[in-house]
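Residues per chain are reported as follows:
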Amino acid sequence: MDRAEKIIDLLSRKYKINPEEFIVNKVRGRPLFDMIVGVMLSQNTSDKNAMKALENLRKEFGDPLDPCRIKDADHHRVEELIRPAGMYRQRAMNILSLARLFCDKDFVNRLEEKIKYSNPLEAREILMKLPGIGIKSADVILNQYFGKPVFAVDTHIRRISLRLGVVKTKSYRTISEWWMKNLPPEKYLLAHLLLITHGRRTCRARFPKCGECPIREYCDYYRSAEGR
Ligand code: SF4
């Protein structure tokens, strides 16, 4: 077993993934619009805050979310509902723009077909043309909704990858490619969730709990701290 697989194996022994902690589990099995809105709400905030905002939207616009009701909603009302997720002005604008697009069933069908038959890199570009969708959100949607073999990198995964020393740059693409190159595609999702869990519970941004870390023997940061 090489380094990446060993790391994921060790993390899987330590953590039991709690689906309740991840916004994507709140939108899985629902239409693409719900997935996109859920993922967008979780950008730069905790999944907990994103879930609150999503719940507010559902109470007002149905579950699954009805884009045709949202598109005619008052901008300020949408802002108010998604306020728990932060950056609510820009996000409300993006959600309303998305709702206008997704209210058209033909648009949704065409989009889904196009993504289904595109390779992961092309599919990523297609999604990134939608309002408010950056590279990380695109990859989460591709992996979780379309089952494409891509590896989404969030702030925890970026920090852990740098501390482990598997990459020397913060570049999203470099980090994503390292994990994709070193793990079989069927492990991408599990690895993504385990690394986030590890970042939240142990390898925190401040004061990482290295003493109780199951992957410290693979970690440059730990080795260099030991050598000091
Ligand atoms: S040893 Fe410390 S820095 Fe390295 S992965 Fe574990 S918690 Fe993070």
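Predicted, not measured: the structure shown is a model, and the values here were computed from it.

About the thresholds
Residues numbered from 1 in each chain as written. Predicted model: local features only at pLDDT ≥ 70, side-chain atom pairs only at ≥ 80, totals over all residues. Helix = DSSP H or I, 4+ residues; strand = E, 2+ residues; numbered from the N terminus. Rg over C-alpha atoms; globule rule 2.2 N^0.38 Å. Buried ≥ 20, exposed ≤ 12 C-beta atoms within 10 Å, placed from the backbone. Contact = placed C-beta atoms within 7 Å. Near = placed C-beta within 6 Å. Nonpolar A, V, L, I, M, F, W, Y, C, P; charged D, E, K, R; others polar. Domains from an automatic or database assignment. Core = buried A, V, L, I, M, F, W, Y, C linked by C-beta atoms within 7 Å. Axes fitted to C-alpha atoms, helices over the stretch in contact; angles between N-to-C directions. Parallel < 35°, antiparallel > 145°, perpendicular 65-115°, else oblique.

## Regarding the overall build of the protein
Helix and strand counts for the protein stand at 14 helices and zero strands. Sequence-ordered secondary structure for the protein, helices as α and strands as β, is α-α-α-α-α-α-α-α-α-α-α-α-α-α. Taken over the C-alpha trace, the protein has a radius of gyration of 19 Å; the compact-globule value for 228 residues is 17 Å, and the two agree within 12%. In the protein, which comprises 228 residues, the share counted as buried stands at 37%. Considering only contacts within the protein whose residues lie at least 6 apart along the sequence, 62% involve residues at least 24 apart.

## Overview of the site of the ligand
Looking at the ligand, there are 14 residues lining it, with Cys203, Cys210, Cys213, Cys219 and Tyr222 nearest. Taken together, the elements giving at least two residues each to the shell around the ligand come down to helix 11 (155-164) and helix 14 (220-227). The element that contributes the greatest number of residues to the shell around the ligand is helix 11, accounting for three residues. Among the residues making up the shell around the ligand, the classes are represented as ten nonpolar, one polar and three charged.

## Description of the domain arrangement of the protein
You can read the domains of the protein as domain 1 (3-16 + 151-227) and domain 2 (31-144). When each unit is reduced to the centre of its C-alpha atoms, the spacing between domain 1 and domain 2 is 28 Å. With eight residues of domain 1 at the interface, the matching set in domain 2 holds five residues. Elements represented by at least two residues in the side of domain 1 that touches domain 2 include exactly helix 12 (172-182) and helix 13 (188-201). Of the residues belonging to the side of domain 1 that touches domain 2, the class tally is six nonpolar, one polar and one charged.

## Quick notes on the nonpolar core
Counting residues in each nonpolar core, the largest one holds 62 residues, and the members touching the most others are Ile36, Val37 and Ile141. Looking at this core element by element, the count peaks at seven residues for helix 3 (residues 32-41). Two domains share this core, each providing at least three of its residues, namely domain 1 (3-16 + 151-227) and domain 2 (31-144). Residue contacts for Val37: discarding those within four places in its chain leaves Leu54, Leu57, Leu65, Ile95 and Leu98.

## Quick word on the environment of Lys187
In this structure, Lys187 sits in the loop between helix 12 and helix 13. Sequence separation between Lys187 and Phe151 is 36 residues, and the spatial gap between their C-alpha atoms is 9.6 Å.

## Some points on the environment of Arg223
Position of Arg223 relative to the elements: it lies in helix 14. Arg223 sits in the exposed class, given 12 other C-beta atoms within 10 Å. In sequence terms Arg223 and Leu127 are 96 residues apart; their C-alpha atoms lie 40 Å from each other.

## Here's the deal with unusual backbone geometry
Omega for the peptide link from Asp63 to Pro64 comes to 5°, which places this bond in the cis form. With respect to the helices and strands, the residue Pro64 is situated in the loop between helix 4 (47-61) and helix 5 (67-70). The residue Asn44 is not glycine, and still its phi comes out positive at about 55°. Mapped onto the secondary structure, Asn44 falls in the loop between helix 3 and helix 4. Under the C-beta neighbour-count criterion, Asn44 is labelled exposed, with 11 such atoms within 10 Å. One non-glycine residue with positive phi stands out, namely Met87, at about 45°. On the basis of neighbour count, Met87 is assigned to the partly exposed category, with 16 C-beta atoms found within 10 Å.

## A word on the packing of helix 3 against helix 7 (residues 88-102)
Their axes nearest at 11 Å, the elements helix 3 and helix 7 cross at an angle of 170°. Overall, the two elements helix 3 and helix 7 adopt an arrangement that is roughly antiparallel. Each of Phe33, Ile36, Val37, Met40 and Leu41 in helix 3 lies in contact with helix 7, whose residues at this interface are Arg91, Asn94, Ile95, Leu98 and Phe102. A breakdown of the residues in the contact of helix 3 with helix 7 according to their chemical character gives eight nonpolar, one polar and one charged.

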